[in-house]
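Residue-level structure breakdown
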Amino acid sequence: MPLSPRQQVERDGYYIAQVLQGDELARIQQAADVVYDSIHGFTTGDKSGRYVQPFLEPGSPMLPFAYLAYDKRITGVIEQILGGPLVWEGAALLCSAPAYTQGWHRDVLQIPQDKIDDDWFTPGVFFNNIQLNMGFYDDASLWAVPGSHNRPLTPAEAAAFAGTKHSTADTVEMPGAIPIDLKAGQCVFYNNNIIHRGHNARHEKRVTYHSGYARKDLPPTWHFYVTRLAGLHEAFTRALTPEMSKLYDEYQDVLRQYPDPQASWAIPESARR
Ligand SMILES: O=C(O)CCC(=O)C(=O)O
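Quick notes on the rules
- Every chain is numbered on its own, with residues counted from 1 as its sequence reads.
- Local features are withheld for residues below a pLDDT of 70 in this predicted model, meaning they are given only at 70 or higher, and side-chain atom pairs are given and counted only at 80 or more; totals for whole chains, interfaces and linings count all residues.
- Where side-chain values are given, they derive from all heavy atoms of the structure, hydrogens and water being excluded.
- Elements are defined by DSSP. Helices are runs of H or I of four residues or more, strands are runs of E of two residues or more, and each kind is numbered from the N terminus.
- As a reference, a globule follows 2.2 Å times the number of residues to the power 0.38, and the radius of gyration itself is taken over C-alpha atoms.
- When accessible area is computed with a 1.4 Å probe and restricted to protein chains, residues below 20% of their type maximum are described as buried, those above 50% as exposed, and intermediate ones as partly exposed.
- Whether two residues are in contact is decided by their heavy atoms: any pair within 4.5 Å suffices.
- Method for areas: the Shrake-Rupley scheme with a 1.4 Å probe, in which residue coverage is limited to the protein chains shown.
- His is not counted, nor are the chain ends; Lys and Arg add positive charge and Asp and Glu add negative charge.
- Throughout, a charge is located at the NZ atom of Lys, the CZ atom of Arg, the CG atom of Asp or the CD atom of Glu.
- Strands were regarded as paired on the criterion that DSSP finds at least two bridges between them.
- Helix span, as expected, comes to 1.5 Å for every residue beyond the first.
- Directions are taken from the helix axis to each C-beta atom, and the arc is the one they span.

Within the chain, the secondary structure is distributed over six helices and nine strands. Relative to the 2.2 N^0.38 estimate, which gives 19 Å for 273 residues, the radius of gyration of the chain is 18 Å and therefore close to what a compact globule would have. C-alpha atoms of the chain, sized along the principal axes, occupy 45 × 45 × 40 Å. Taking all 273 residues of the chain together, the buried fraction comes to 54%. Taking as baseline every contact in the chain between residues at least 6 positions apart, the subset at least 24 positions apart corresponds to 89%. Summed over its atoms, the accessible surface of the chain is roughly 12,300 Å², and 54% of this surface lies on carbon and sulfur atoms. A distance of 2 Å separates the average location of the 24 positive side-chain charges in the chain from that of its 31 negative side-chain charges.

Set out below in structure tokens:
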């Protein structure tokens, strides 16, 4: 029996599915070309270049991709993985310079190191977040260490991190890391406690849809607060489509219920299993 998406994420930290194909993919690629060609912010020599296009702001070239936020082919998989109704955490387009590279990290970079609790990375704690990358072109720029999302660092990984709980230097090699090799239109759904980094080793043209969700009936994690949805201008929120307006309102509801980002650094009782 093949593993379910949830079982795969529990075992490996990620799950891959084809979402876009045929005419729909071709249309999306045309819109992605427009975004890519409009970027003048990086050059072939730029190692760190990752251009994050703002999502849903007036006139944003990302508007052709807006429907992906509530597309059942995406949200249905995440509902299966997280096991309940979702709140959307926002989205961005990752458009990378050919030489884009990052250091290895878990996505805990905004949390002071002495507040990062290694218990978060254990199977006994339910992690209320799924992040996704969907390549509009072939994309092997996300690298990860399978299975590293819910265990402490191995001695070899700890040596690579050299004492930091944030990010290694860009040049560090990470034992066991592999590229997550996406064909155009494929989506990787992942637990971003996994040890990972962006690294465009093949120097490919990259425009990748990047988004995140949590269960709305459980306390959110710190990712919920790293979003552009908290600060949208009122004039703009009035112009949202009904579908986006619903997602936006649900986000605000959860934010009202859990206003303090720092409260998300404690493991809630509901997350212990
Ligand atoms: O470029 C990527 O796919 C990696 C993104 C990433 O690691 C991050 O945003 O934390």
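There's plenty left to go through after this.
Moving on to the pairing of strand β4 (residues 130-135). The buried fraction of β4 amounts to six of the six residues, a majority that puts the element mostly inside the structure. Residues Ile 130, Leu 132 and Met 134 point to one face of β4 and Gln 131, Asn 133 and Gly 135 to the other, with burial holding for every one of them. Taken together, the six bridges between β4 and strand β9 (residues 206-215) define a ladder with antiparallel strand orientation. Within β9, the position partnered with Gln 131 by the bridge is Gly 212. In the sheet, β4 pairs with strand β7 (residues 186-190) via four bridges, with the strands oriented antiparallel. Counted as the bridge partner of Asn 133 is Val 188 from β7.

Another point: helix α2 (residues 22-37). Over its 16 residues, α2 runs 22 Å from end to end, which matches the ideal 22 Å to within 8%, given 1.5 Å per residue. For α2, the complete set of buried residues consists of Glu 24, Leu 25, Ile 28, Ala 31, Ala 32, Val 35 and Tyr 36. Buried residues along α2 cover an arc of 145° about the axis, so they all sit on one side. Residues of α2 that are exposed and angled more than 90 degrees away from the buried face: Asp 23, Arg 27, Gln 30, Val 34 and Asp 37.

Right, let's talk about the sheet that holds strand β6 (residues 178-179) for a bit. Spatially, three strands are ordered β6-β5-β8 in an open sheet, and the strand pairing comes out antiparallel. On the outer flanks of this sheet lie β6 and β8 (196-198), each paired with one strand and no other.

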